[in-house]
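Working through the structure, step by step
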Amino acid sequence: KDLVRMAIHKAILLQPLEEMQLAVNKNALVIGAGVAGMTAALALSRQGFLVFLIEKQSQPGGKFRDINFSLNGQNPAGFLNSLIEKVKSDKRIKLYTNAQIEQMEGYVGNFKTTVTVRGEQGSKGAREQGSREAGEQGSRGAEAVEPGNLELEHGAIIVASGAEEYQPSEYLYGQDSRVLTQLQLEGLLEEKKEAGEISRLSPTVVMIQCVGSRDEERPYCSRVCCTQAVKNALKIKEKNPGTNIYILYRDIRTYGFREKYYQEAREQGVIFIRYDEAEKPKVQKTDGHLGVLVKDLVLKEMLRIDTDLLVLSPAIVPPAGNQDLAQMLKVPLNDDGFFLEAHVKLRPVDFATEGVFVCGLAHAPKSVEETIAQANAAASRAATILAKDFVKVEGKVSSVRESRCTGCGMCEAICPYNAVKVDPERMVAEVNEALCKGCGACSATCRSGAIDIRGFTDSQILAAVEAF
């Protein structure tokens, strides 16, 4: 009875809450022109949407440019070149290379992004400033962009900013030219294709897994390192079966159908030696010779392996610019520095901020197959917004009683959605209802009691308490 009485007294003071309708800009912005970004851009273009594709490097492709061969025999370079050509020839995709995002503002359906272009774009990609009409853009795709700032307007954002390879400081990396990473070894194998060259290069090869990952600083698994090691080992064995190859590992994680390549590597004579995290391998350099000390957990003895080439499998790490980009987008990063999705199962490519999505290595380390699948998923989610003429905005949002507001700025500092701003001239807080999610943080923080949440005003709450 008490609860009913409280509800009645609160309901007496209720006011109608109207949902706002906001027009949707049909353009999309994709951040990063690696495999994930280009796949997402092409998926959106096929559905008729104009896409602004932003790449900070001088060429698209990302880290996939360093991949020269695959386990299943497919040609990565051919796949990447085909993908780039599709992007560059697509009239609905505007590719901006040497571009840096400076500022982002707006809300779902209506974002504005300021981009600085550091060099002239002469080829068919990102050619001119973002226009409000996709048709106008499509007919002028061949124009060049002079260095300077562009303001792009769009209705959805896909973050595909990629990741980087950890630069090891251990195992004499950077101190001895015979110590390489897996990507560097792959490039070397591509250069020295003849069996005789491979034999002269390295009669004995030792690979060390989990370098810079699965430790206190980076507790996560980089997922592709084991597959990369097995792939390079099989390539060496293919060119020169007599090469001695040792892979020192903590756990082999060639998950899924990649397990058969691990079995193949063992059949080809690749020796796998497991080590414990507490007793990591040690590298010694004596009289110009490299030696690796490792405790074999099966033999329970310390082994010394003299090697001609030491190959490290380093972690995949988030790029340094993730923090700045996350702050501009008002989206979170996880403890490892990668972008954090809204829900790992229910909303795996969404952010809590509406209209912003994530895919590829920006989200977490993953294989290229998983990257492509997630890029298509992010494009599908973005299309659910871009396909609409209007989006509805929640009616239960904050409102400011200007007579009480002192313009202290506490509400602006606490708002997680950047929905509250203090007018510098009037010194009064203003709420952008399109951004506000009605969380109540500003109302709870306001020292003057100047902010209410519609549907939960002070008078309504007090009426319910008095009734009780």
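First, a word on what this report is: a plain description of the structure on this page. (Residues numbered from 1 in each chain as written. Predicted model: local features only at pLDDT ≥ 70, side-chain atom pairs only at ≥ 80, totals over all residues. Heavy atoms only, no water.)

Another aspect to go through is the sheet that holds strand β17 (residues 309-314). With respect to topology, 5 strands assemble into an open sheet ordered β10-β17-β11-β12-β13, the strand pairing being parallel. Across the chains shown, the open sheet's two edge strands, defined by having one partner strand only, are β10 (179-181) and β13 (271-274). The average angle at which neighbouring strand axes cross in this sheet is 25°, direction not considered. Both β10 and β17 contribute to a ladder of 3 bridges, which runs parallel. The partner of V179 across the bridge, within β17, is L310. (Pairing = 2+ DSSP bridges. Helix = DSSP H or I, 4+ residues; strand = E, 2+ residues; numbered from the N terminus. Axes fitted to C-alpha atoms, helices over the stretch in contact; angles between N-to-C directions.)

On to the layout of surface pockets. Roughly 480 Å³ of internal volume is contained in the second largest pocket. The wall of the second largest pocket is formed by 25 residues, among which E105, G106, Y417, N418 and L435 lie closest to the centre. If you list the elements that add at least two residues to the lining of the second largest pocket, you get β5 (99-107) and α9 (322-329). Among the elements that make up the lining of the second largest pocket, the one with the highest residue count is β5 (6 residues). For the lining of the second largest pocket, a count of residues per class yields 13 nonpolar, 6 polar and 6 charged. (1 Å grid on protein atoms, 1.4 Å probe; cavity = no way out; pocket = protein on both sides within 12 Å on 5 of 7 lines; lining within 4 Å. Points joined across faces, edges and corners; volume = space filled by probe spheres on them. Nonpolar A, V, L, I, M, F, W, Y, C, P; charged D, E, K, R; others polar.)

Our next topic: helix α13 (residues 458-467). Among the residues of α13, Q460, A463, A464 and A467 are the ones counted as buried. Projected onto a plane normal to the axis of α13, the buried residues spread over an arc of 95° and lie on a single side. Exposed and facing more than 90 degrees away from the buried side of α13 are L462, V465 and E466. Of the surrounding secondary structure, the elements contacted by the buried residues of α13 are α1 (2-12). (Buried < 20%, exposed > 50% of the residue type's maximum accessible area, 1.4 Å probe, protein only. Arc of directions from axis to C-beta. Contact = heavy atoms within 4.5 Å.)

Moving on, we get to the nonpolar core. Counting residues in each nonpolar core, the largest one holds 41 residues, and the members touching the most others are M38, L44, L53 and I158. Of all the secondary-structure elements, those providing two or more residues to this core are β2 (28-31), α2 (35-46), β3 (51-54), α3 (76-89), β4 (93-96), β8 (156-159), α10 (368-386) and β20 (390-393). No other element matches α2, which puts 8 residues into this core. (Core = buried A, V, L, I, M, F, W, Y, C linked by side-chain atoms within 4.5 Å.)

Looking along a regular strand, one sees side chains alternate from face to face of the sheet. Burial along β20 is one-sided: the face carrying V391 and V393 is buried and the face carrying F390 and K392 is not. Note: strand β1 (residues 20-23) against β20, 4 bridges, orientation antiparallel. Across the sheet, A23 pairs through a bridge with F390, a residue of β20.

So, on to the packing of α1 against α13. It is at 8 Å that the axes of α1 and α13 come closest, and there the two elements cross at 145°. The chirality of how α1 crosses α13 is right-handed. Across the interface between the two elements, R5, M6, H9 and K10 from α1 touch Q460, I461, A463, A464 and A467 from α13. When grouped by side-chain class, the residues that make up the contact of α1 with α13 number 5 nonpolar, 2 polar and 2 charged. (Left-handed = near helix turned anticlockwise from the far one by under 90°.)

Bringing the pattern of salt bridges into the picture now. A side chain with one charge can pair with a side chain of the opposite charge if their charged atoms come near. Enumeration according to the criterion identifies 20 salt bridges in this entry. One salt bridge connects K295 with E279, and the closest N-O pair in it is separated by 3.7 Å. Residue K295 is found in strand β15 (residues 289-296), and its partner E279 is found in the loop between β13 and β14 (282-286); the two are separated by 16 residues along the sequence. For K295, a relative accessible area of 28% puts it in the partly exposed group. Of the charged contacts in the structure, one is a salt bridge between R454 and E433, with a shortest N-O distance of 2.9 Å. Of this pair, R454 sits in the loop between β24 (451-453) and α13 while E433 sits in the loop between β23 (428-431) and α12 (441-445); the two residues are 21 residues apart in sequence, bridging distant segments of the chain. Its relative accessible area of 24% is what places E433 among the partly exposed residues. One continuous salt-bridge network, built from bridges that share partners, spans D176, R178 and K285. (Salt bridge = Lys/Arg side-chain N within 4 Å of Asp/Glu carboxyl O.)

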